[in-house]
Each structure stands twice: as structure tokens, then as C-alpha cells.
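Summary of the model geometry
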Amino acid sequence: MGGACPFPNALPFANVTLMKFLRQFAARIVGQSIRIFARAITAVRADWQGIEPVPKQRVYFANHTSNADMPMIWSVLPPALRRTVRPVAAADYWLKNKLRAFVGPEVFNCVLIDRRPEVDDKPMDKIIEALDEGASLIIFPEGNRNMTDDPLLPFKAGLYNMGLARPDVDLVPTWVANLTAIMPKGEVIPLPLICTVTFGEPIHVQEGESKDDFLKRASDALVALAPEDRT
Amino acid sequence: MSSTTEDILLLAFASFGILIAMTFVGEVLRAREEPGFNNPVLDTYMTRVQSWWGMVAFVGAALLLGRPGIMTLFAFASFAALREFLTLTAKAQADHLSLALGFFVVLPLQYVFVGLGWDGLYAIFIPVYAFLLLPIVSALRGNPDRFLMRVAETQWALMIAVFCVSHVPALMNLEIAGYGDRALLLVAFLVMVVQLGDLLEYFFGRKIGKTRIAHGLSPKTWEGVLCGVVSAMLIGALLNWITPFGVFGAMAMAGVASLVGMFGSLVVAAIKRDRGVKDWSHLIPGQGGFVDQLDSVIFAAPIFYHLTKFFYT
């Protein structure tokens, strides 16, 4: 990754440390800018319905309608929670160019998953590894962005596997409201409408619960957080 | 220091005096509570007083900065109010461009016209041009589903959040003989009589209110509204020295503004009930959103503006 070195003859060690420091500094600035931008435009706010915003290990599983979903959730988390959270994201998206390769892994600290079928990336191993290091995660169990009129696509098995492998971790349903109206697919200008991120009561895989039953229950818990559509 | 600036400072210090008294009363009540006991009414009261501190500071600073300060403050309030309103209205992807035009073209242009003092244009820009042109932009995308509902609700949002709110700074454009640059003080007069009238209406409504005005809509009572309007008239009389109206004129103007404002917030309550929300947003602690805070000023402003223009210019 590293950019062109400004002092080619300087000591390599000092240079590496300096570059690392500068990159971290830049990552913090970019992160704060994203938060301020999200707040100024969409007045994004958290609604903690089922849990408190306390530093506990959690997997926030959310609906996915737009590329802005993850930055919105990330922006509303309090600093102590934001520092330990790692979004699980697609490598093909975040490694597409140099800017994304900086923002994804360094600003958001993403766990990157290679989605190409020919590469067996063992995504679950990476996720479990991140959990065992103590990180909380943000995941989108629908797998892809939902472009349909249904509130949610069927969930992939990943959430169930995480819940089974690390039963102590809270699985927190997280509904991001209004992003489809703010930035529908194919539009260029985002509308400054109010975005709300609602955190529901955590769920766990129960003993003997089948994969399909659990995924249905998780999906229902998430849809239940969606605001009633009265328009 | 000009006499206008002196008057603004005097009003600001008087408001701070009232707020200090309100904060003091709250803190005394809190200190007399049993430890570990939480009184939700007192907590709400204190949060609201804190928000009032912020508002008085913002409006006071804007008034001291003069025209540009007031223009900026209300343009920002319009933006926040429009954002709250359009979050709750009917819309489809076909409206995306017309909504974006509402936010990024109609709103700034309205404030440019008010800033330039083009009263012929800012009086009709939204009711005529936006009203006719934005539905065309939506229609071009060809989605007839709930079309009338979508364009009507968008137009309502623009009228309430942009057109009406912009009539507060538009008061500065009124050329009243012998009043000169003091037109700025009309902004302070309108905001103070309407907001204080609301506060006293709420207080008296809680104390002596019995007869509900609109069941299932709002806890407002006829007794509360009557006391609120009479209080607003008295406050108007007290503040008549900053207006060109004279004592009785100031009482009448304050009474009309306050009355229209109170019924305006009934209309806004009906919209909230229909959409199933308690507040328009969460941006002002203890008060809800900008529309919640400004609803009565929003309804009062254009009428206050036109009555002043009709009788005093």
C-alpha cells in the first residue's frame, strides 16, 4: 500500500515509523470528517431500544440498502464502542482503489472478506479470529444490498455460525432507517433527510435451535425495529 | 453604540435575567428533593430551560450581528425544519430530483430574495414558481403512484419550513416611516411575544385548563389559550418601545400573532398524530425538533408580516 516516500535517503526505520504515524493520524481525521458529515447532512442518531451503549462484545447485524449503512452505524456508536468495532466487509469493494484501501482497513478497521467463488477465503475463520481478539463486529447478514421492496432478503448462514461458535457474544439487531430515501440507487445527490439507527434487544442461538429457525427469528427481530410506514 | 444595539442588549440581559430566575428556581427545587428520587417533571423543566439558554444566546448573537446574522440563523432553521418535515412526507424515487431542488435551490434562493429585499418575488416564489415547477420535475420521471399526495406534501413542507420561516427575517425589509434600521427589533418582538405566550399558555393550561380545544389532538385548553393570549398582549404592551405600533397597537399585534401561533401548533400536532410521531426530531433537547419549537412562530410570521406591512408602511 504505502505511498511514495518523500525522503528516499532517510533511515528506513525512522521513515516507516513516521509513515505509520502519519497514516494513523490521517485515518483519525478522515474518520472524524465522515462522522461530522453524516451528522450535518442526515442528523443521524442512535435509538438504543433494547440495549445500552456500553462496551460489551457484540455483533451488530443490520439491514443493507446502501453503501452508507456501515458508516452510519459506525458514526452513531459512542467513541469507546467505535474503537473496538470492526465492520465485516467485501474485499472486492474496499480494495478497488488506493483511497478505499485506506478508508476500509485503516479508518473503519474492516475485517475484509474475499467473495470470489474461486478463492476459498475461509471467511468464518477470519470472523472468529476477530471475535477472539475481543472486537465487536458490524455485519450485514443479507450478504448483498437489498434492492427489492421486501424489508429484508433471506439471511445467509454466517450469523448462525457466529452465534453457535461464540455463544456469549450478544447478537444485536440494528435497523438503519431512511437511507433508501436519502440515496436511492442510481441517484447522484443525497437528500438531507433524518436517518435513525435503532438497536434492538440482543438474541442468541438457543440450544438445539435449527439454522433456519434461528435465522428466521433473527430476521423477525430486525424487521420489528423498522419504523411503521404511514406515508 | 447605536440605539438599536443598546435595545438588543437590554432585551438580551432581560431574557438572561428571566432564565437565571428560572434556572435558580429549578436548582432550588432539585436541591430540596430526597436524594435518589427523580422527579421527571422537574427534569423535563430543567432540560427545557437549558435549551432556552441556548436559543436566547443564538438569537441574541444573531440580532447583534444584524442582518447577516438573522438571515443565517433563519436559513439554518429553515433547513433543519425542511429536513424534519420531508423525512415524514410521502415520496418516491421519482421525486428525488424535485426534493433535491427543494433543499439545494428553492431554499437558498428564497433566502437570497429575502436578503436582497425583493418583496415582490419572495412573496410568490414558493407559492407560484415552486408550486408549479417541482411537480413538473416529478411528473417527468413518470410514476403516477400517489402522485397528488407526494407533490402536495412536498409543497406543504416548503410552505411551512421555507416560505413561512423566511417571513421572520423578511420583517427587516419593512420600511416603516420614522423607524429606520430598527426593523430588526420586530424580529425580537415577534419571537418573544409568541414564544413567551406559548410558555404561559402551557403553564396556565396545566394549572387551570379544563375544556380541551381538540380532543385526541393536543392537550391545549380554551382556558390556557385565553390566558396565554392575554399574557402575550401584556408582554406586547411592555415591549411596545421597540415597535412602531404604540401601546395598543403592540397589544393587538402581539395578541393576533400569539393566537394564530397557538392554533398553528394545533395544526402541526394533527400532522404529527397522523404520522404517528411524538416529535419532529431530537435536535433540541427537551423540546423535540425545530418544527416543534418553531411551529407557532411559523404560523404567526407571514400574518404578522402582512399586517405590519398593511397598517404601518
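This report concerns the structure included in the present document. Nothing here was measured: the structure is a model prediction, and the numbers come from that model.

Time to look at the overall build of chain B. When you go through chain B residue by residue, the secondary structure sums to eleven helices and zero strands. Seen in sequence order, chain B has helices and strands lined up from the N terminus as α-α-α-α-α-α-α-α-α-α-α. Over its C-alpha trace chain B gives a radius of gyration of 20 Å, about what one expects of a compact globule, namely 20 Å for 313 residues. For chain B, the spread of C-alpha atoms along the principal axes amounts to about 65 × 55 × 35 Å. Counting only contacts in chain B whose residues sit at least 6 apart along the sequence, the fraction spanning at least 24 positions is 70%.

Here we take up the pairing of strand S2 (residues 58–62) of chain A. Residues and elements named next belong to chain A. Where burial is concerned, most of S2 is hidden: five out of the five residues are buried. Alternating residues of S2 divide into Arg-58, Tyr-60 and Ala-62 and Val-59 and Phe-61, and every residue in both groups is buried. Judged from the five bridges that link them, S2 and strand S6 (residues 170–177) form a sheet pairing that is parallel. Paired with Phe-61 across the strands is Pro-173, a residue of S6.

Our focus in this paragraph is the sheet that holds strand S4 (residues 111–113) of chain A. Residues and elements named next belong to chain A. A sheet is described by the order of its strands in space; here seven strands give the open sequence S1-S7-S6-S2-S5-S3-S4, paired in mixed fashion. Only two strands of the sheet have a single neighbouring strand rather than two, namely strand S1 (45–48) and S4. Averaged over all adjacent pairs, the angle separating strand axes in this sheet is 25 degrees, with direction ignored. Pairing geometry for S1 and strand S7 (residues 196–199), over four bridges, is parallel. Across the sheet, residue Ala-46 finds its bridge partner in S7, namely Val-197.

To continue, consider the interface of chain A and chain B. Contact residues are listed per partner, giving 14 residues for chain A and 17 residues for chain B. Classifying every residue of the side of chain A that touches chain B gives eight nonpolar, two polar and four charged.

Here is what the cut-offs are and how they apply
- Residues numbered from 1 in each chain as written.
- Chains lettered and ligands numbered in written order.
- Predicted model: local features only at pLDDT ≥ 70, side-chain atom pairs only at ≥ 80, totals over all residues.
- Helix = DSSP H or I, 4+ residues; strand = E, 2+ residues; numbered from the N terminus.
- Rg over C-alpha atoms; globule rule 2.2 N^0.38 Å.
- Contact = placed C-beta atoms within 7 Å.
- Buried ≥ 20, exposed ≤ 12 C-beta atoms within 10 Å, placed from the backbone.
- Pairing = 2+ DSSP bridges.
- Axes fitted to C-alpha atoms, helices over the stretch in contact; angles between N-to-C directions.
- Nonpolar A, V, L, I, M, F, W, Y, C, P; charged D, E, K, R; others polar.

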